[in-house]
Amino acid sequence: MREMQLVQQKQRKWKGVVLLRKLLTCAICLIAMIALLSVHLQVLLPTSSSSSSSASSSAASVIPDLKLPTTTATSQHEQEQSWSRELTPPHLSKPPQPSSQLDGGRAKGNSNSNFTKLWKPPPNRDYLPCVDPTPNYTPPGESRGYLLVHTNGGLNQMRAGICDMVAVARIINATLVVPELDKRSFWQDSSNFSDVFDEDHFIEALANDVKVIKKLPKEMAGSPKIVRHFRSWSGMDYYEGEIAHMWGDYQVIRAAKSDSRLANNNLPADIQKLRCRAFYEALRFAPRIEAMGKMLVDRMRSYGPYIALHLRYEKDMLAFSGCTHGLSSDEADELKKIREETAHWKVKEIDSREQRSKGYCPLTPKEIAMFLSALGFPSNTPIYIASGEIYGGDTRMADLQTLYPILMSKEKLASVEELEPFINHASQMAALDYIVSIESDVFIPSYSGNMARAVEGHRRFIGHRKTVSPDRKALVHLFDKIERGKLRDSESLSKQVIELHKHRQGSPRKRKGPISGTKGTDRFRSEEAFYVNPLPDCLCRRQSPSLNTSVVIR
């Protein structure tokens with residue numbers, strides 16, 4: 001009897017446990033259903049702010065809501081290389097405002113077709129990279145000596161110079177010593193070649209073209225050397241003749257400068273293709289720069305399609321160009337002093353108004369805002385600012401920031417800890433901007449400097465990605481009319497700006513030759529630089545499948 005009672009008690013306890021479990025299961029299911037229902041309602045029903053504005057709803061259908069970039073590690077050696085860790089910067093701890101709520105008024109009237117047109121790249125007309133050597137190309141012969149190179153200028157001027165010196169080494173049959181980077185320029189960057197570029201890859205990638213070594217052999221320390229300033233824009237005759245003849249007296253030739261030392265045109269096809277292989281394949285950035293650049297691109301992509309704006313409005317640019325439009329007299333005096341004290345800047349007296357009227361000045365941040373607006377980009381457009389420190393800081397950026405609130409930069413996308421390895425090295429910081437600019441949906445430079453030209457050419461090479469090149473001379477004329485009150489109709493301004501830039505969006509075309517009537521160095525200077533447009537030398541047009549050959553150069 002006693003045992004029966006115990007069994008009954010256990011059964012009652014078990015039934016209680018089972019009942020409790022069922023109740024908990026039901027409660028959990030109920031909570032989950034409520035959560036799912038609430039999410040479903042948020043998706044279906046507009047918020048109060050968006051329902052009050054049909055324009056905002058229209059913008060939301062065109063541009064997706066902005067999302068905060070996720071934080072994931074990109075390095076396989078996370079503990080050894082802390083620079084690769086994706087840390088969410090404190091200033092991005094809150095997600096940005098949805099694009100549909102930023103400026104509904106400006107988005108009014110936007111259609112899917114207009115949105116597509118803004119971001120659509122130009123037709124590439126089936127042009128593809130073709131940089132393989134011709135059948136007559138041979139491996140490098142026995143070296144006649146060593147070529148040392150001292151590069152000069154900023155990152156992209158040095159990159160072009162390095163690749164030209166690869167071609168020169170091939171022409172004069174020299175062993176190329178890994179070039180020295182410029183440490184004495186305006187930026188005072190202490191970076192070595194291996195800090196900026198993948199040195200081992202550079203050497204290996206060019207093995208069938210030029211022998212490249214990291215350092216001059218010790219046994220060559222006492223050998224005959226000569227330092228030469230190679231003549232600008234020189235061709236085969238100069239290097240095969242005057243320079244190659246020096247091997248009879250010297251074992252080491254040192255190029256004092258590397259910029260613009262090789263002609264843009266009229267060189268053998270294999271030399272031109274070698275320049276492209278060097279620039280677009282061999283000379284890639286150091287792995288840690290590539291990883292950081294990819295991280296910035298991924299974070300920028302999380303905002304949707306974006307513009308990379310090369311806003312060349314730093315102190316050195318304005319001092320060099322003598323452009324002072326919109327600056328105070330104190331600022332103009334400061335820039336003039338810098339120009340006068342920089343010995344290798346030859347031109348000291350510059351008429352700022354004349355420079356601007358000829359289109360020789362970079363567009364100001366305010367002018368860029370007017371330009372983007374006239375092109376039709378809505379104010380919820382994500383923009384990456386690829387530049388150094390803007391002269392005048394936040395005050396000078398106020399107009400652009402007001403009109404386009406989603407202004408990002410490497411300093412905003414990355415944390416202080418992530419940028420710390422690069423922060424005091426101008427070339428490495430510029431390399432990060434270069435990567436984000438190459439990968440952007442639209443690239444717009446405010447000035448046609450070395451970076452703008454390099455990015456434009458690179459984007460042409462990898463598929464003619466959309467690059468809008470502002471017609472600065474025509475634009476400042478329009479902007480001045482607005483200032484004087486002679487042009488008040490924004491629709492008229494927009495039509496004129498769009499028409500001006502209809503054929504300035506990076507579509508395929510042959511590289512421009514010299515301006516008619518120019519002579520001497522002015523003739524070479526007037527040519528479109530080789531790396532701005534590698535067509536026809538390094539881009540070939542795919543032939544129709546019905547024909548026998550696969551590609552044909554146009």
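Rules behind the numbers
Residue positions are given per chain, counted from 1 along the sequence in the order it is written. Under the rules for a predicted model, residues below a pLDDT of 70 receive no local features and side-chain atom pairs below 80 are neither given nor counted, while totals for whole chains, interfaces and linings still include all residues. Only hydrogens and water are set aside when side-chain values are computed; all heavy atoms of the structure are taken into account. Secondary structure elements follow DSSP: runs of H or I of four or more residues count as helices, runs of E of two or more count as strands, with numbering from the N terminus. In what follows, a contact means two residues having at least one pair of non-hydrogen atoms within 4.5 Å. Per-residue and other accessible areas follow the Shrake-Rupley method at a 1.4 Å probe size, with only the shown protein chains counted as cover for residues. Any pair of cysteine sulfurs within 2.5 Å is marked as a disulfide. Exposure classes here rest on a 1.4 Å probe applied to the protein chains alone. A residue is buried below 20% of its type maximum, exposed above 50%, and partly exposed in between. Orientation is described by axes fitted as lines to C-alpha atoms, over the contacting stretch for helices, and by angles from 0 to 180 degrees between their N-to-C directions. The cut-offs work like this: below 35 degrees is roughly parallel, past 145 is roughly antiparallel, 65 to 115 is roughly perpendicular, and the gaps in between are oblique. The crossing is said to be left-handed when, going from far helix to near helix, the turn is anticlockwise and less than a right angle, and right-handed when the turn is clockwise. The classification used treats Ala, Val, Leu, Ile, Met, Phe, Trp, Tyr, Cys and Pro as nonpolar, Asp, Glu, Lys and Arg as charged, and all other residues, Gly among them, as polar. The rule for pairing is simple: two strands pair if DSSP sees at least two bridges between them. Confidence of the predictor at the level of single residues is given by pLDDT, which spans 0 to 100. Any two rings among Phe, Tyr and Trp, with Trp reduced to its six-membered ring, count as a pair given centres within 6.5 Å; such a pair is stacked if its planes are under 30 degrees apart, edge-to-face if over 60, and tilted if neither. Residue count minus one, scaled by 1.5 Å, sets the expected span of a helix. The directions considered for the arc run from the helix axis to the C-beta atoms. Classification remark: right-handed applies to a crossover when, strands pointing away from the viewer, the course from the first strand over the helix to the second runs clockwise. By nonpolar core is meant a set of buried Ala, Val, Leu, Ile, Met, Phe, Trp, Tyr and Cys residues that side-chain atoms within 4.5 Å join together. Both cavities and pockets are sets of points on a 1 Å grid over the protein atoms alone; in a cavity a 1.4 Å probe fits but cannot get out, in a pocket the set is open with protein on both sides within 12 Å along at least five of seven lines, and lining residues sit with an atom within 4 Å of a point. Grid points are joined across faces, edges and corners, and a volume is the space filled by probe spheres set on the points.

Across its full length, the chain carries 24 helices and 12 strands. Sequence-distant contacts in the chain: of pairs separated by 6 or more residues, those separated by 24 or more amount to 78%. Accessible surface, the chain: about 29,000 Å² in total, of which carbon and sulfur atoms supply 53%.

Within the structure shown, the criterion is met by three disulfides. The disulfide bridge from Cys276 ends at Cys538, spanning 2.0 Å between sulfur atoms. One disulfide, between Cys276 and Cys538, carries an S-S torsion of 90° and so falls in the right-handed class. You can see Cys276 sitting in helix H11 (residues 269–282) and its partner Cys538 sitting in the loop between helix H24 (520–525) and strand E11 (539–542), a full 262 residues away along the chain. With relative accessibility at 0%, the residue Cys276 sits in the buried group. One disulfide in the model links Cys323 with Cys361; its S-S distance is 2.0 Å. Negative torsions about the S-S bond denote left-handed disulfides, and the value of about -90° found for Cys323 with Cys361 makes this one left-handed. Here Cys361 lies in the loop between helix H15 (352–357) and helix H16 (365–375) and Cys323 lies in the loop between helix H13 (315–321) and helix H14 (329–341), a separation of 38 residues in the sequence. Given the relative accessible area of 7%, Cys361 is considered buried. For the chain, the bonded cysteines pair up as 1-6, 2-5, 3-4 when numbered in the order they occur along the sequence. Left without a disulfide partner, Cys163 is nearest to the cysteine sulfur of Cys276, which lies 9.2 Å away. Accessibility expressed as a relative area gives 0% for Cys163, which makes it buried.

Put simply, helix H7 (residues 155–171) and helix H21 (residues 450–461) touch, their axes get as near as 7 Å, and they point 55° apart. Classified by the angle between their axes, H7 and H21 sit oblique to one another. In this structure, the crossing between H7 and H21 has a hand that is left-handed. Contacts between H7 and H21 involve Asn156, Gln157 and Arg159 on the former and, on the latter, Asn450, Met451, Ala454 and His458. For the contact of H7 with H21, a count of residues per class yields two nonpolar, four polar and one charged.

Here we come to the sheet that holds strand E8 (residues 383–385). If you walk across this open sheet you meet the four strands as E9-E8-E7-E10, and the pairing is parallel. Unpaired on one side and paired on the other, strand E9 (407–408) and strand E10 (442–445) mark the two borders of the sheet.

Turning our eyes to something else, we now look at the sheet that holds strand E5 (residues 225–228). Strand order across the open sheet formed by five strands is E4-E3-E2-E6-E5, with parallel pairing between neighbours. Across the chains shown, the open sheet's two edge strands, defined by having one partner strand only, are strand E4 (212–213) and E5. As paired strands, E5 and strand E6 (residues 252–255) are joined by four bridges and run parallel to one another. Across the sheet, residue Ile226 finds its bridge partner in E6, namely Ile253. Packing of H7 onto the sheet brings it into contact with strand E2 (146–149), strand E3 (175–177) and E6, and relative to E2 it is tilted by some 165°.

On to the confidence of the model for the chain, then. This prediction gives the chain a mean pLDDT of 84; 78% of its residues lie at or above 70. In the model, residues 36–110 has pLDDT below 50 throughout and makes 100 contacts with residues more than four positions away in sequence or in other chains. Long-range and interchain partners of residues 546–554, a stretch whose pLDDT sits below 50, account for 20 contacts in this model, where long-range means more than four residues apart.

Before going further, it helps to examine the packing of aromatic side chains. What the rule picks out here adds up to 14 aromatic pairs. Here Tyr238 and Tyr239 contribute two aromatic rings whose centre-to-centre distance is 5.0 Å and whose plane-to-plane angle is 80°, an arrangement assigned as edge-to-face. Take Tyr238: its relative accessible area is 5%, and that puts it in the buried class. Relative to Phe461, the ring of Tyr280 lies with its centre 4.1 Å away and its plane at 10°, an arrangement referred to as stacked.

What follows concerns H14. A rise of 1.5 Å per residue sets the reference length of H14, with its 13 residues, at 18 Å; its end C-alpha atoms lie 18 Å apart and thus fit the reference within 8%. When H14 is considered as a whole, its buried residues turn out to be Glu331, Leu335, Ile338 and Arg339. Taken end-on, H14 shows its buried residues confined to a sector of 100°, consistent with a single buried face. Seen from the buried face of H14, the exposed residues on the opposite side, beyond 90 degrees, are Ser329, Asp330, Asp333, Lys337 and Glu341. On its buried side, H14 packs onto H13 and helix H17 (393–403).

Relative to E6, E2 runs parallel, the two being bridged by four bridges. By the bridge assignment for E6, Leu147 is matched with Ile253. Since E5 and E6 lie parallel, the crossover through helix H10 (residues 236–243) that links them has a hand, and here it is right-handed.

What follows concerns helix H20 (residues 426–438). Between the first and last C-alpha of H20 there are 18 Å, a value that for 13 residues agrees with the 18 Å anticipated at 1.5 Å per step. With 11 of 13 residues buried, H20 is to be regarded as a mostly interior element. Residues of H20 that are buried: Ser427, Gln428, Met429, Ala431, Leu432, Asp433, Tyr434, Ile435, Val436, Ser437 and Ile438.

What follows covers the nonpolar core. Ranked by size, the top nonpolar core spans 86 residues in total, and within it Leu147, Ile172, Phe197, Phe202, Phe230, Tyr239 and Phe285 carry the most contacts. Per-element accounting of this core gives the leading share, 11 residues, to H7. Ignoring sequence-local partners within four residues, the contact set of Leu147 consists of Met165, Val168, Ala169, Ala174, Thr175, Leu176, Val177, Phe230 and Ile253. Ranked by size, the runner-up nonpolar core spans 41 residues in total, among them Phe115, Leu309, Leu318 and Ile444.

Before going further, it helps to examine empty space enclosed by the protein. Tallied over the entire structure, the rule returns three cavities of 30 Å³ or more. Of the voids in this model, the largest cavity is the one considered here, and its volume is about 60 Å³. Along its surface, the largest cavity is lined by Tyr313, Leu318, Cys323, Thr324, His325, Arg356, Cys361, Pro362, Leu363, Thr364, Glu367 and Val476. In the lining of the largest cavity, the residues fall into seven nonpolar, three polar and two charged.

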